[in-house]
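# Breakdown of the fold
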Amino acid sequence: MQVRVQSEPFDAGAELNGFAQGRTDIGAVVSFTGVVRDTDGTLQEMLIEHYPGMTTSAITKIVDEAVSRWTLADALVIHRHGPLKPGEPIMMVATAAAHRAAAFAAADFLMDYLKSRAPFWKKEITDQGADWVAAKDEDEDALNRW
């Protein structure tokens, strides 16, 4: 299991290849990579802030829960912080399990947690100014199903 909170870019393909390399005990690997999106063409950057140590600890705790709950063989979470440009990868989740249902469910669970509970604060800096990104009801609803 690996949790990384970092400012540096990552290569999702290389991460995924390394994650599954040499594994013969798994039948499924599921991954998701989130990308900074610019929905209306005005985003200059997204600034992601966090408290070092606290963030890694909180994410590690939820990854441990996912590993136990779905009997995962492995899990990987990478989340970036700092200023990010549109199109850059912001985060990645990968899960490995004996069967696909467990890998999919655990990845979905981790994504819902990261979206609504992980201690990150996001500020969108646009042509019109800067605003903190507010929590969305649909993200809370998604997390509540677990």
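Residues numbered from 1 in each chain as written. Predicted model: local features only at pLDDT ≥ 70, side-chain atom pairs only at ≥ 80, totals over all residues. Heavy atoms only, no water.

### Topic: the packing of aromatic side chains
Applying the stated rule across the entire model yields 4 aromatic pairs. Ring centres of Trp-70 and Phe-109 lie 5.2 Å apart, and the angle between their planes is 50°; on these two criteria the pair is classed as tilted. In this pair, Trp-70 sits in helix α2 (residues 54–70) while Phe-109 sits in helix α3 (residues 100–116), placing the two residues 39 residues apart along the sequence. The exposure classification of Trp-70 matches that of Phe-109, with both residues buried. Seen in terms of ring centroids, Trp-70 and Trp-146 are 5.6 Å apart; in terms of plane orientation they differ by 90°. Their pairing is edge-to-face. Of this pair, Trp-70 sits in helix α2 while Trp-146 sits in the segment after α4 (137–144), and the two are 76 residues apart along the sequence. Taking relative accessible area as the criterion, Trp-70 reaches 16% and is therefore assigned buried. Grouped by ring-pair contacts, the aromatic residues Trp-70, Phe-109 and Trp-146 constitute a single cluster. (Phe/Tyr/Trp six-rings, centres within 6.5 Å; stacked < 30°, edge-to-face > 60°. Helix = DSSP H or I, 4+ residues; strand = E, 2+ residues; numbered from the N terminus. Buried < 20%, exposed > 50% of the residue type's maximum accessible area, 1.4 Å probe, protein only.)

### Focus: the pattern of salt bridges
Throughout the structure, instances matching the rule amount to 8 salt bridges. One salt bridge connects Asp-108 with Arg-145, and the closest N-O pair in it is separated by 2.6 Å. Placement of the pair is Asp-108 in helix α3 and Arg-145 in the segment after α4, with a sequence separation of 37 residues. For Arg-145, a relative accessible area of 48% translates into the label partly exposed. If you follow the salt bridges from partner to partner, you end up with Arg-23, Asp-25 and Asp-74 in one network. (Salt bridge = Lys/Arg side-chain N within 4 Å of Asp/Glu carboxyl O.)

### Focus: the sheet that holds strand β3 (residues 43–50)
A sheet is described by the order of its strands in space; here 4 strands give the open sequence β5-β3-β7-β8, paired in antiparallel fashion. The open sheet has two edge strands with one neighbour each: β5 (82–84) and β8 (129–132). Strand-to-strand, the axes of this sheet are offset by a mean angle of 25°, without reference to chain direction. Pairing geometry for β3 and β5, over 3 bridges, is antiparallel. Bridge pairing links Leu-47 to Pro-83 in β5. (Pairing = 2+ DSSP bridges. Axes fitted to C-alpha atoms, helices over the stretch in contact; angles between N-to-C directions.)

Without other data, these values stay purely geometric and don't point to any function.
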